[in-house]
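Understanding the architecture of this molecule
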Amino acid sequence: MSFKSKLKEIRDDITTTFSMAKLQRNRTNRRGRAYIAPELGGGSELLSELIEEQSPWANLPPELLQDVIKRVEGSETSWPGRRDVVACASVCTSWREITKAVVKTPEQCGCITFPISLKQPGPRDAPIQCFIKRERATSTYHLYLGLSPALSGDMSKLLLAAKKIRKATSTDFRISFVGSDFCQTSNTYAGKLRSNFLGTKFTIYDSQPPCPGLKSNCKLQQKVRSIQVCPGVPARNFNVATVSYELNVLRTRGPRRMHCIVHSIPISAIQEGGVAPTPLEFNNPGDEQSPSLSASKVKQPLIDFISTSRAESSDSICSKMDPLVLKNKAPRWHEQLQCWCLNFKGRVTVASVKNFQLVAAVEPCQNVPVEEQEKVILQFGKIGKDIFTMDYRYPLSAFQAFAICLSSFDTKPACE
């Protein structure tokens, strides 16, 4: 019997146990919202106990189990085969913990496995190639993993989805891990993008707090709603980035000019030896402290650091603490085609004002290598009617890249 057949047997074996646990959980918990992946929300203790007691695969020796999961993870490097790795994490707690230890981050392996991978930085060497499908009738946008719909077909993996919601003075793009639930109180809520009245400035909010060392740079926006679908799941939005478009009322400056300030990523991430913040799991909102308490605990070490490092120059301190700033790569005017052109290396085939490439905007005192300054961190462009490609790399995550690209879909009459 092949190893894949054994893995299928494991899936079938836990199906009955999972159904029984789900039925029991629905009786005790009337929220009625299932977690989209094993690591979201921590899962149910009752579910874990039932699986561990009834599954014959739960008591495998750790050395053997680690070797099995390593073989599965090494043999399946793309979707849909990567589902076998997720299936291993769904067996029981012991399988889950070993699978999390074996599976590497996108920065290390270039693969997206769990939903937390969408909040982690992309690979350094080569970008992760995705595409976005726009549904005009429903004002929704779906991010898929793959080169294009023509090449991926039905095998495309849905990563994130967004729904455009117009308001009187702004526009919101609510981002979710699934394509059917965009409620801010749902555990599938990933974040949102909000624009100002003119559509020239956008703010990216993350449902998860940033890494502890950067909480002082990311403000918390929490609104008290009169009606909440899930009272036990508070809606929390952390300001992690802003996207700005320069005004161009007379249309004399060429294509759109945009700047993106990523508050959750320091400029040191692209310096030599720098590391970008990488969350390893989703935080439980119920376990977090109040915003005022968290802010006080974060600001104190910052003051101590400044006071104890007076020997360093002020420029070096600012360069380490400054957020990452991105700017769109300037296009060149093509005389024969009579249009602005950028080299997308075949990933963009249709001219559009929405097309852009983002590179790091750095100062000489920040000591960023020249090769890092020339790297295209995010590129977005049109390849067909309502079909766009999105390629991102370190230090941006898929969520951050998707939110930045969504800002290009909003109407900007003063910027074109």
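Residues numbered from 1 in each chain as written. Predicted model: local features only at pLDDT ≥ 70, side-chain atom pairs only at ≥ 80, totals over all residues. Heavy atoms only, no water.

Per-residue pLDDT for the chain has a mean of 77; in total, 68% of the residues score no lower than 70. Throughout residues 16-44 the model reports pLDDT below 50, and contacts reaching past four residues in sequence, or to other chains, amount to 39 contacts. Across residues 288-317, where pLDDT falls below 50, the model places 19 contacts with residues more than four positions away in sequence or in other chains. (pLDDT = per-residue confidence, 0-100. Contact = heavy atoms within 4.5 Å.)

A few words on the packing of aromatic side chains. Going through the model one piece at a time under the given rule, you end up with nine aromatic pairs. Judged by centre distance (5.8 Å) and plane angle (55 degrees), the rings of Y141 and F173 are tilted. With a gap of 32 residues between them, Y141 in strand β2 (residues 140-145) and F173 in strand β4 (residues 171-176) connect regions that are remote in the sequence. Of the two residues, Y141 and F173, neither departs from the other in class, the shared state being buried. Counting every residue linked through ring pairs, the aromatic cluster contains Y141, F173, F356, F380, F388 and F409. Geometry around F399 places K119 over its ring, the cationic atom sitting 4.9 Å from the centre. (Phe/Tyr/Trp six-rings, centres within 6.5 Å; stacked < 30°, edge-to-face > 60°. Helix = DSSP H or I, 4+ residues; strand = E, 2+ residues; numbered from the N terminus. Buried < 20%, exposed > 50% of the residue type's maximum accessible area, 1.4 Å probe, protein only. Lys NZ or Arg CZ within 6 Å of the ring centre and 35° of its normal.)

For the bond running from W79 to P80, omega is 10 degrees, close enough to zero to count as cis. In this structure, P80 sits in the loop between α3 (62-75) and α4 (83-89). Between Y394 and the following residue, P395, the backbone shows a cis peptide bond with an omega angle of 5 degrees. One non-glycine residue, S139, lies in the positive phi region at around 55 degrees. Turning to its location among the elements, S139 is positioned in the loop between β1 (128-135) and β2.

A separate point is the pattern of salt bridges. As enumerated under the stated definition, the model contains 12 salt bridges in all. Note that R71 is salt-bridged to D67, the shortest N-O span being 3.3 Å. One end of the pair is R71 and the other is D67, both in helix α3 and four residues apart, which spans about a single turn. Among the charged side chains, a network of salt bridges with common partners joins R134, R136 and D386. (Salt bridge = Lys/Arg side-chain N within 4 Å of Asp/Glu carboxyl O.)

Moving on, we get to the pairing of strand β14 (residues 378-384). In terms of burial, β14 is a largely internal element, five of the seven residues being buried. Across six bridges, β14 lies against strand β15 (residues 387-392) in antiparallel orientation. By the bridge assignment for β15, L378 is matched with Y392. Hairpin connection of β14 to β15: two residues between the antiparallel strands, including D386 at a positive phi of 65 degrees. (Pairing = 2+ DSSP bridges.)

Attention now goes to empty space enclosed by the protein. Summed over all chains, the structure comprises three cavities of 30 Å³ or more. Every residue lining the largest cavity is listed: Y245, R256, M258, N328, V353, K354, N355, F356 and S408. Split by residue class, the lining of the largest cavity holds four nonpolar, three polar and two charged. (1 Å grid on protein atoms, 1.4 Å probe; cavity = no way out; pocket = protein on both sides within 12 Å on 5 of 7 lines; lining within 4 Å. Points joined across faces, edges and corners; volume = space filled by probe spheres on them. Nonpolar A, V, L, I, M, F, W, Y, C, P; charged D, E, K, R; others polar.)

Quick look at α3 now. Compared with the 20 Å implied by 1.5 Å per residue over 14 residues, the 20 Å span of α3 between its first and last C-alpha is a close match. Buried within α3 we find L65, V68, I69, V72 and E73. For α3, the buried positions fall inside an angular range of 130 degrees around the axis, keeping them on one side. Turned more than 90 degrees away from the buried face of α3 sit E63, R71 and S75, all of them exposed. (Expected span 1.5 Å × (residues − 1). Arc of directions from axis to C-beta.)

Time to look at the environment of A241. Within the secondary structure, A241 sits in strand β8 (residues 237-245). Along the primary structure A241 and V325 are separated by 84 residues, whereas in three dimensions their C-alpha atoms are 9.6 Å apart. Apart from residues no more than four positions distant in its own chain, A241 is found in contact with F202, T203, I204, I261, V262 and H263.

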